[in-house]
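Tertiary structure, described
Listed below are the residues making up each chain.
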Amino acid sequence: MKFGLWYDFRCPPHSPLSWRETCAQTLEHIRYAEELGYDDIWLSEHHFIEDGYLPSLLPAAAAVAAVTSRVTIGTNILLAPFHHPVRLAEESALVDIISGGRFLLGLAVGYRREEFAGFGVPRQKRGAMTEEIIQIVLRCWTEDEFDFRGQFYRLQGVRATPKPVQRPRPELWVGALGPAAVRRAARYADGIIAGPEQVAQFAEALAAEGRNGDRARVALGLPWLYVTDDPERAWRELYPHLSYQINGYQRWFSEAGQPIFGTEPYADLEDLQARGPYLVGTPEQVREALAQLFAQAPAERYFWWAIPPGLPPREAVRSMELFARQVMPHFRGRQGP
Amino acid sequence: MKFGLVYDFRNPERWRRPFPELYAALLEQIQEVERLGYDAVFVTEHHFIDDGYCPSPLVALGAIAARTSRIRIGTWVALLSLYHPLRLAEDAAVVDQLSGGRLELGVGLGYREEEFAGFGIPLRHRRGRMEEGVEVLKRALAGERFSFEGRHFHLRDVRVTPPPCQQPFPLWLAARSPVTARRAARFRADLMLVGPPSVYEEYAAALGAQGEDPSRYRLLGLLAWAVSDDPERYWAEAGPHFAYTAGLYGQWYSQRGDLPEDREWRQWATWSPEDFRRAGMVLVGTPEQVRDGILAARRVLPYDYIVSWATLPGQDPKRAMESLELFARKVMPALRAAGESSEGQP
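Cut-offs used in this document
Residues numbered from 1 in each chain as written. Chains lettered and ligands numbered in written order. Predicted model: local features only at pLDDT ≥ 70, side-chain atom pairs only at ≥ 80, totals over all residues. Heavy atoms only, no water. Helix = DSSP H or I, 4+ residues; strand = E, 2+ residues; numbered from the N terminus. Rg over C-alpha atoms; globule rule 2.2 N^0.38 Å. Buried < 20%, exposed > 50% of the residue type's maximum accessible area, 1.4 Å probe, protein only. Contact = heavy atoms within 4.5 Å. Buried area = accessible area lost by both parts, 1.4 Å probe. Salt bridge = Lys/Arg side-chain N within 4 Å of Asp/Glu carboxyl O. Polar contact = N/O pair within 3.5 Å; in protein donor to acceptor, adjacent residues only side chain to side chain. Nonpolar A, V, L, I, M, F, W, Y, C, P; charged D, E, K, R; others polar. pLDDT = per-residue confidence, 0-100. 1 Å grid on protein atoms, 1.4 Å probe; cavity = no way out; pocket = protein on both sides within 12 Å on 5 of 7 lines; lining within 4 Å. Points joined across faces, edges and corners; volume = space filled by probe spheres on them.

**Overview of the overall build of chain B**
- Within chain B, the regular secondary structure consists of 11 helices and 13 strands.
- A globule of 346 residues ought to have a C-alpha radius of gyration of about 20 Å, and chain B, at 20 Å, matches this closely.
- Considered along the principal axes of its C-alpha atoms, chain B spans approximately 60 × 50 × 40 Å.
- Of all 346 residues assigned to chain B, the portion counted as buried reaches 60%.
- A separation threshold of at least 6 residues defines the contact pool for chain B, and within that pool the share at least 24 residues apart is 74%.

See below:
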């Protein structure tokens, strides 16, 4: 069972920091996470968001690689349709080299309409495009030379170098919220990045592909997890950051026609506590809630947001410490599925 | 005058070491040259080369940004025609923020046919992509929200966030020909000169014709140097590595050169280290000789930046340090003093 922290490098208007300070403090935060024993550092991608939501995962992943020595560095989730597959394969290989073989590529199709319109990429073709992108990336990593003739890409004499360090190649995980993406993951991916509902679907889809459904590898996004000695106070202090975050996702997914966070924004603290996806609790409460969740939705890796957007990273270390010291040891040593 | 070092992260078969080891050693070297007082390190870009020539300079710079704190970091040069310009702008902005505002973005056209074929981009589109690409880059890096309707790129209501830390953002264009020199002037970009002095004259004249003062724009040029009291020994050791790198460039330029003289470079592919030495392609000498050589180059053109190779392909990074250290200790201070004393003159 691996525990990972998820980073977006956001710096909303209510943050007291500049982007530059946010970047510097976030790298410090990541270094500290490694020291505390976390297994995975995940980076999240979005474009054109006013708060500077990280649009460039691979350069940032290289920076993370340069300041860490043990953690796995994963993209979660890289939005494939906005990347040229050959360049994506080359950049990933380079991060794999710089990190000494610690890179994991997680990708998905994307959903925000503004991003597709912004890049001039047809949104309705995103699934088919991603399919070709996956095929090309895998071939770049493992074949000396190849040609590719698809609907979106016609490539001749691709000889991607240097190759990644990991043999036969870095792991490819696919983010999946819908059935088509789950099937795509079952066709190509080493694992799936998803929510609890997709775990069973993935095992079935693997079996349908003739792969062993019992060996389904899953990275599960947990509800926002915040460990504190004083939950009531934490809720009050975190509220501006959490409501900023969740109402952003609520709006983006609603606008994309996938209202996974409902069709209405979260009105206030009470509403957020009642129906929001956050788990704010004492180490003991969190241990109990997670024991239950781990039993219901067994996974190889779990991850959650590292820093509430707007809270300076330096002030966002208490929860990470409490989890590492008082929750993590409780689950360590247990075997994943 | 500022001094930069170029990194291509090449790892030729003949001298191959594991890639992670090479990158680790060169990242360490970059930290060392920062301590020695160099002004900048630049990363180059090419694709599909057997020796692993760095294809992703912005990714390498992400790592370099995290390991350094003062030195400027840049691309020399990113092959803009092979990028989506908005993605390049996003990467550049993130690297600029990660480095605390230390990025110098140099972009060029690219020329190797294999690279365009592998990316599925028709070679005949490269000038159009470059023109549109620079326009998109300039608007994107200024941090504005904009739409763009071109032949190659269609962007609607986009804004690069985070924007770069530096405003105005330092954008350079590489030029080898009068056409590219005029383009650099038209876009009001600084100049990375990879051609003869006449290309700079063209650039300066074009700036002048726009009513601008060329001395307000920066000029960067490559002048390969090596400090050594014993040129015999230098060429014995480094010669094969230099011949390797120059030979490949000669081959590429001759295959798909934009300029008539490119075809003559084909001979480099068959030159021995001794031939390069006779042709004076590397300024090798004592600290005084190297200083005088650079001063002579600066009398021809008003360089703001002189760049040289840090470690040649296959060369042991530790061995390369000897010359880099001598240059930093004995040549840089003298050149900086000379630069200061001449700056007050008309």
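**Comments concerning the interface of chain A and chain B**
- Tallying the contact residues gives 47 residues for chain A and 47 residues for chain B.
- Buried area between chain A and chain B, both sides added, is near 4,000 Å², and the carbon and sulfur share of it is 62%.
- For the pair chain A and chain B, the number of links is four salt bridges.
- Close ionic contact of Arg87(A) with Glu45(B) constitutes a salt bridge, the shortest N to O distance being 3.2 Å.
- Remark: the boundary between chain A and chain B carries 20 residue pairs in polar contact (both at pLDDT 80 or more).
- Going through the elements one at a time, helix H1 (19-36), helix H2 (57-67), helix H3 (85-98), helix H4 (113-119) and strand E7 (154-158) of chain A are the ones with two or more residues in the side of chain A that touches chain B.
- Among the elements that take part in the side of chain A that touches chain B, H3(A) stands out by supplying eight residues, more than any other.
- Partitioning the side of chain A that touches chain B into residue classes produces 29 nonpolar, 11 polar and seven charged.

**Concerning the confidence of the model for chain B**
- Looking at chain B as a whole, its pLDDT mean stands at 94, while 95% of the residues score no less than 70.
- This prediction of the complex comes with two scores: 0.97 for pTM and 0.97 for ipTM.

**Focus on unusual backbone geometry**
- Residue Asn76(A) is joined to Ile77(A) through a cis peptide bond whose omega torsion reads 10°.
- With respect to the helices, strands and loops of the structure, Ile77(A) is situated in the loop between strand E3 (72-75) and strand E4 (78-79).
- Here the residue pair Trp76(B) and Val77(B) is connected by a cis peptide bond, since its omega of -10° sits within 30 degrees of zero.
- Take Val77(B): it is sitting in the loop between strand E3 (72-75) and strand E4 (78-79).
- The phi torsion at Phe48(A) lies on the positive side, around 65°, for a residue other than glycine.
- Tracing the backbone through its elements, the reader meets Phe48(A) in the loop between strand E2 (40-43) and H2.
- By relative accessible area, Phe48(A) is classed as buried at 6%.
- Phi is positive for Phe9(B), which is not a glycine, with a value near 55°.

**A word on empty space enclosed by the protein**
All names here are of chain B.
- Under the defined criterion, the tally for this structure stands at five cavities of 30 Å³ or more.
- Taken as a whole, the largest cavity holds about 290 Å³ of empty space.
- Of all the secondary-structure elements, those providing two or more residues to the lining of the largest cavity are strand E11 (225-227), helix H8 (231-255), strand E13 (305-309) and helix H11 (317-343).
- Tallied by class, the residues present in the lining of the largest cavity amount to 13 nonpolar, four polar and five charged.
- Taken as a whole, the second largest cavity encloses approximately 110 Å³ of empty space.

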